[in-house]
Every structure is written in C-alpha cells, then in structure tokens.
Amino acid sequence: MADILKPVKFSPDVAALIKKKQSDKSFTYHCWSDEDLKPLRIEVRNFYRDMQKGRCAYCRKDISLRSASNCHVEHIAPKSLHEKFIFTPENLCVICADCDEIKRAQETMCAIPDTVVARKTRRVRYPCTTNAFYIVHPHFDKYDDHILMVGKFYVDMTDKGGFTIRVCDLNKRLRKFGWEMPPSSDEDLAEVMGDFLATSDPAIRRRKIRKLREMLIFE
Ligand SMILES: [Zn+2]
C-alpha cells in the first residue's frame, strides 16, 4: 500500500486562490514561496504530514509535527520542469529538511533530475501510474517494494529505489560517518519481539516486525 492513500482536497478559499494564480499570466514556479500562497502551503503541509504519519516521503525519517522548517512541501514532478502540475494534489507530499535541501540544490544548479518518464508527446494530464515515474512516488508506490531500510542505511531493490536513493543522497550518513550497525544481542531481539506480542495495534506490529528483520539481517 502506498504511504498516501488519498490526495489533498483543497478548501474553497485555497481552491479560489489556486484558480486566481492559474489565470495570472505572470505566475511562474518561482512564485511558489510568495507570502500570499502561505495558506495553500499550510493546508498541503498539514494534510500530508498527517497522511504520511509524520514521515518524510523519500527517507522516511521523522519530519517536524509543528514547525515548517523540517516539513517541506515537495513537488514530486519538479515544479521547475513541470510547472503545470504545481498545484496538482497528486504531485504534492511533504519531505524532511535534508531531502528538501539536497533536491533544491540540484534545482538551483539546473541539474535536477526529471522524475517523470519522458514521452514523445507533452503530458497534458498528471500521470497517475507508477510506470510514469523514475522516483518512488508516495501516492502510487509501496516504499518497501523499492527500498530496504537497514538501520540508518538504504538498499535499492528496484531501479526506482536506486533513483530515489541517488537523487536524495539517502546514504550520505554512510559516507560521512561510516557503517554504524551495532550487533543485536539476544536481549535486544527478545525486547522487540516482546513489544510485538504485547500490542494488537497493526501499525506498531508492522514497525516491530520491520525492526526485527533489520536486526536479523546481521545475524
Ligand atoms: Zn527525507
């Protein structure tokens, strides 16, 4: 199942704001951060922060639950390359400050990789299939099918996984600090297994099983 089960539905005020911008010929993607678009950014941020359960769409690390500084609105098809999808709900999600900065740096240098698979004809409507994207798309893709998280590190399981790891530089910690995977003791394993058995909450059980898998990889 994808992380995002349904796209944001804009409030009437924000929908009117978007309509106004879409009819403004001077509007470009550079205007995204303008002050008058703040209500839109807040609405998108709040919606996807909850929908993504407080996790970055690309690295799955925690994002800020209150502040905007570590919870950035992301355009999955880059707004600099696909301006017509700048307000498309399926093209929006939230990401952490690191992923945002790394992708933004590439955008500033005009070297941002296109996440959308090229076609001979221009895309008129937003593509809603997984095959149309190089990147792991939080609306359409199941993250675990493409990327295996092993502790703090990321292993690509598909081309999409590899693309996402590279574009967001997800293994930067490995290069900077080296391999940091302490061996798991029997007590550690027993504790996680105990946590799993002690709850019937499916989300917690899934997290505990994932943790156990990571620990057992190194046995
Ligand atoms: Zn991230």
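This text gives an overview of the structure that appears in the document.

A look at the coordination of the zinc ion
Octahedral metal centres with six donors ideally show angles of 90 or 180 degrees, and tetrahedral centres with four donors ideally show 109.5 degrees. Taken together, C56 (SG), C59 (SG), C96 (SG) and C99 (SG) make up the protein donors of the zinc ion, found 2.3 Å from the metal. If you look at the zinc ion, its four donor atoms make angles of 105 to 116 degrees with each other, and the shape they trace is tetrahedral. Donor residues for the zinc ion sit on one chain with the sequence pattern C-x2-C-x36-C-x2-C. Residue C56 is classed as buried on the basis of its relative accessible area, which comes to 1%. Taking relative accessible area as the criterion, C59 reaches 5% and is therefore assigned buried.

Section: helix α1 (residues 12–22)
Taken together, the buried positions of α1 are V14, L17, I18 and K21. Buried residues of α1, viewed axially, fall in a sector of 100 degrees; they line one side. Exposed residues pointing more than 90 degrees away from the buried face of α1 are listed as P12, K19 and K20. Against α2 (38–51) lie the buried residues of α1.

Points about the nonpolar core
One broad rule of soluble globular proteins: the nonpolar side chains tend to lie buried together. Ranked by internal contacts, the top residues of the largest apolar core, which has 47 residues, are L40, Y58, C99 and L170. Ignoring anything within four residues of it in the chain, the contact list for L170 reads Y58, C59, C99, Y143, I147, Y154, T164 and I165.

Quick notes on the pattern of salt bridges
Under the criterion given, the structure shown has eight salt bridges. D36 is the partner of K21 in a salt bridge, and the nearest nitrogen-oxygen pair spans 2.6 Å. Of this pair, K21 sits in helix α1 while D36 sits in the loop between α1 and α2, and the two are 15 residues apart along the sequence. Residues joined by salt bridges that share partners form a network here, namely D3, R60 and D144.

Points about the packing of α1 against α2
Two numbers describe how α1 lies on α2: the axes approach to 9 Å, and their chain directions differ by 125 degrees. One element, α1, and the other, α2, form an angle in the oblique class. With respect to the hand of their crossing, α1 and α2 are arranged in left-handed fashion. For the pair formed by α1 and α2, the contact residues are V14, L17 and I18 on the first element and P39, L40 and E43 on the second. Residues belonging to the contact of α1 with α2 are distributed by class as follows: five nonpolar, no polar and one charged.

Digging into the pairing of strand β3 (residues 147–150)
Pairing between β3 and strand β4 (residues 153–156): four bridges, direction antiparallel. Considered in β4, the bridge of L148 is made with V155. As consecutive antiparallel partners, β3 and β4 are separated by two residues, and within that stretch G151 has a phi angle of approximately 60 degrees, a positive value.

Observations concerning unusual backbone geometry
Of note, K53 is a non-glycine position whose phi angle comes to about 55 degrees, a positive value. Looking at the element boundaries, K53 is found in the loop between α2 and β1 (72–75). A relative accessible area of 64% places K53 in the exposed class. Its identity as a non-glycine residue notwithstanding, R60 has a phi of 65 degrees, on the positive side. Mapping R60 onto the fold places it in the loop between α2 and β1.

Some words on the packing of aromatic side chains
For the structure on display, the rule yields seven aromatic pairs. Consider the rings of W32 and F87, whose centres lie 6.3 Å apart with planes at 40 degrees: the pair is tilted. Placement of the pair is W32 in the loop between α1 and α2 and F87 in the loop between β1 and β2 (92–95), with a sequence separation of 55 residues. For the pair shown, W32 and F87 are each scored as buried. Linked through ring pairs, F85, Y126, F133 and F140 together constitute an aromatic cluster. Residue placement shows K84 over the ring face of F85; its charged tip is 4.9 Å from the ring centre. Above the plane of the ring of F196 lies R205, whose end atom (NZ or CZ) is 4.0 Å from the centre.

The rules behind these values
- Residues numbered from 1 in each chain as written.
- Predicted model: local features only at pLDDT ≥ 70, side-chain atom pairs only at ≥ 80, totals over all residues.
- Heavy atoms only, no water.
- Donors = N, O, S within 2.8 Å, 3.2 Å for Na, K, Ca; no water.
- Tetrahedral: all angles 85-135°; square planar, octahedral: opposite > 155°, others 65-115°.
- Buried < 20%, exposed > 50% of the residue type's maximum accessible area, 1.4 Å probe, protein only.
- Helix = DSSP H or I, 4+ residues; strand = E, 2+ residues; numbered from the N terminus.
- Arc of directions from axis to C-beta.
- Contact = heavy atoms within 4.5 Å.
- Core = buried A, V, L, I, M, F, W, Y, C linked by side-chain atoms within 4.5 Å.
- Salt bridge = Lys/Arg side-chain N within 4 Å of Asp/Glu carboxyl O.
- Axes fitted to C-alpha atoms, helices over the stretch in contact; angles between N-to-C directions.
- Parallel < 35°, antiparallel > 145°, perpendicular 65-115°, else oblique.
- Left-handed = near helix turned anticlockwise from the far one by under 90°.
- Nonpolar A, V, L, I, M, F, W, Y, C, P; charged D, E, K, R; others polar.
- Pairing = 2+ DSSP bridges.
- Phe/Tyr/Trp six-rings, centres within 6.5 Å; stacked < 30°, edge-to-face > 60°.
- Lys NZ or Arg CZ within 6 Å of the ring centre and 35° of its normal.

Interpretation in functional terms is not warranted from these geometric data alone.
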